[in-house]
Amino acid sequence: TIAQNALTDNANFAVSLLSSDHNTIEGNLISGSSDTAVLFETASYNVVRGNNISESADGALTLQADSNFNRVENNNISEGSDAGITVADSLGNELLSNSVHNMGDAAILLINAHGNRVQGNDLRWNATGIELEGSTSNHLTANNASHSGGTGIALENNALGNVINLNATNFNAAAGITISSELQPDSLFPGNIVAYNTATGNQDDGFAINKAGHTLTGNTAKNNAGWGVYAELGTINGGNNVASGNV
């Protein structure tokens, strides 16, 4: 257990776990790291809880290289130069009830990450809220990805089979939610499900579904500067979507 420490102004990582499992990192003050503040590499079944992580020169917290089944919850992350929480080449992690603000890249970034749960996070005021690249079968639920300098939630590069529901994506400088991942006939995963999200007051479209095969159900888009819902031919209308007051 690494708990109740002040880890400040480090020339490299503040905390690094390499092939180390079943650890708890809790209640630490971590600031001013010259690299990623907290790095997991092939490190699984760990808990990162209740830490304050700020002012890292790179990302704040990165789980990579088969860092699986970790739980990251109730952390306050802010003022970093790169992404807040990155999950890369890893699966089955839970990112729960974290606050991530004022990061230079996405608040949460999933790269080739599968079967993760991202729920109840406050992700306002970042360059992007949540970004998925080549990531499948993730659940993004009840996050606030608003007031971003770009898009609230973006799915790219074969991000398929994900469920995006009950998220707030409001007042972003670009779109609320965008999907540019294309469902091919031989795709191993189904299209994404976008359900019961809100997109209000964005400077572009509320929902921009730029490729076919994805399902929209029960979403609300109001007062956006672009379309409320832009849906490519072949998008599946699950019903009960509402769009009003959009340009």
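Higher on the page you've got the structure.
Now for a quick tour of the structure.

Cut-offs and rules
- Residues numbered from 1 in each chain as written.
- Predicted model: local features only at pLDDT ≥ 70, side-chain atom pairs only at ≥ 80, totals over all residues.
- Heavy atoms only, no water.
- Helix = DSSP H or I, 4+ residues; strand = E, 2+ residues; numbered from the N terminus.
- Buried < 20%, exposed > 50% of the residue type's maximum accessible area, 1.4 Å probe, protein only.
- Contact = heavy atoms within 4.5 Å.
- Salt bridge = Lys/Arg side-chain N within 4 Å of Asp/Glu carboxyl O.
- Pairing = 2+ DSSP bridges.
- Polar contact = N/O pair within 3.5 Å; in protein donor to acceptor, adjacent residues only side chain to side chain.
- Phe/Tyr/Trp six-rings, centres within 6.5 Å; stacked < 30°, edge-to-face > 60°.
- Patch = residues over 30% accessible without salt bridge, like charges linked within 9 Å, V, L, I, M, F, W, Y side chains within 5 Å.
- Areas by Shrake-Rupley, 256 points an atom, 1.4 Å probe, with all protein chains shown as cover.

1. A short note on the side chain of threonine 141
Okay, so step 1: Among the secondary structure elements, threonine 141 is positioned in strand S18 (residues 139-141).
Okay, so step 2: Classification of threonine 141 by relative accessible area gives buried; the value is 13%.
Okay, so step 3: Ignoring sequence-local partners within four residues, the contact set of threonine 141 consists of Val118, Gln119, Gly120, Asn165, Leu166 and Asn167.

2. Points about the environment of phenylalanine 189
Okay, so step 1: Structurally, phenylalanine 189 can be placed in the loop between strand S21 (177-179) and strand S22 (193-195).
Okay, so step 2: With residues near it in sequence (within four places) discarded, phenylalanine 189 still touches Thr136, Ser137, Leu160, Gly161 and Leu183.

3. Here's the deal with the pattern of salt bridges
Okay, so step 1: What the rule picks out here adds up to seven salt bridges.
Okay, so step 2: Glutamate 73 is paired through a salt bridge with arginine 49; the nearest N and O atoms lie 3.0 Å apart. Separated by 24 residues along the polypeptide, glutamate 73 in strand S10 (residues 71-73) and arginine 49 in strand S7 (residues 47-49) bring together distant segments of the chain.
Okay, so step 3: Judged by relative accessible area, glutamate 73 falls into the buried class, the value being 12%.
Okay, so step 4: Accessibility expressed as a relative area gives 28% for arginine 49, which makes it partly exposed.
Okay, so step 5: The partner of aspartate 122 in a salt bridge is arginine 124, with the nearest N and O atoms 2.8 Å apart.
Okay, so step 6: Aspartate 122 gets classed as buried once you look at its relative accessible area, which sits at 18%.
Okay, so step 7: What emerges from the salt-bridge pattern is a single network uniting Glu26, Arg49, Arg71, Glu73, Glu94 and Arg117.

4. Looking at the sheet that holds S22
Okay, so step 1: Taken in spatial order, the eleven strands line up as S1-S4-S7-S10-S13-S16-S18-S20-S22-S25-S28 in an open sheet, and their pairing is parallel. One side of each edge strand has no neighbouring strand; the edge strands of this open sheet are strand S1 (2-3) and strand S28 (236-239).
Okay, so step 2: With three bridges joining them, strand S4 (residues 24-26) and S7 adopt parallel strand pairing. Residue glutamate 26 lies in a different strand from S7, and its bridge partner there is arginine 49.

5. Details of the side chain of asparagine 28
Okay, so step 1: With respect to the secondary-structure elements, asparagine 28 resides in the loop between S4 and strand S5 (29-31).
Okay, so step 2: Judged by its relative accessible area of 1%, asparagine 28 falls in the buried class.
Okay, so step 3: A distance of 3.0 Å separates a polar side-chain atom of asparagine 28 from the backbone oxygen of isoleucine 2.
Okay, so step 4: Sequence-distant contacts of asparagine 28, defined by excluding residues within four places in its chain, comprise Ile2, Ala3, Gln4, Asn5, Gly50, Asn51 and Asn52.

6. As for the packing of aromatic side chains
Okay, so step 1: Applying the stated criterion across every chain, the model contains one aromatic pair.
Okay, so step 2: With centroids separated by 5.4 Å and ring planes inclined at 20°, the aromatic side chains of tyrosine 45 and phenylalanine 69 adopt a geometry described as stacked. Residue tyrosine 45 is located in the loop between strand S6 (38-41) and S7, and its partner phenylalanine 69 is located in the loop between strand S9 (61-64) and S10; the two are separated by 24 residues in the primary sequence.

7. Considering unusual backbone geometry
Okay, so step 1: Located in the positive-phi region is glutamate 79, a residue other than glycine, with phi close to 60°.
Okay, so step 2: Under the relative-accessibility criterion, glutamate 79 is labelled partly exposed at 45%.
Okay, so step 3: Phi at histidine 147 takes a positive value of approximately 60°, unusual for a residue other than glycine.
Okay, so step 4: Inspection of the secondary structure puts histidine 147 in the loop between S18 and strand S19 (153-156).

8. Looking at a nonpolar patch on the surface
Okay, so step 1: Residues Tyr45, Phe69 and Leu91 make up a contiguous nonpolar surface patch of roughly 280 Å² in combined accessible area.
Okay, so step 2: Inspection of the secondary structure puts leucine 91 in the loop between strand S12 (85-88) and strand S13 (94-96).
Okay, so step 3: Exposure remark for leucine 91: the relative accessible area of 34% places this residue in the partly exposed category.

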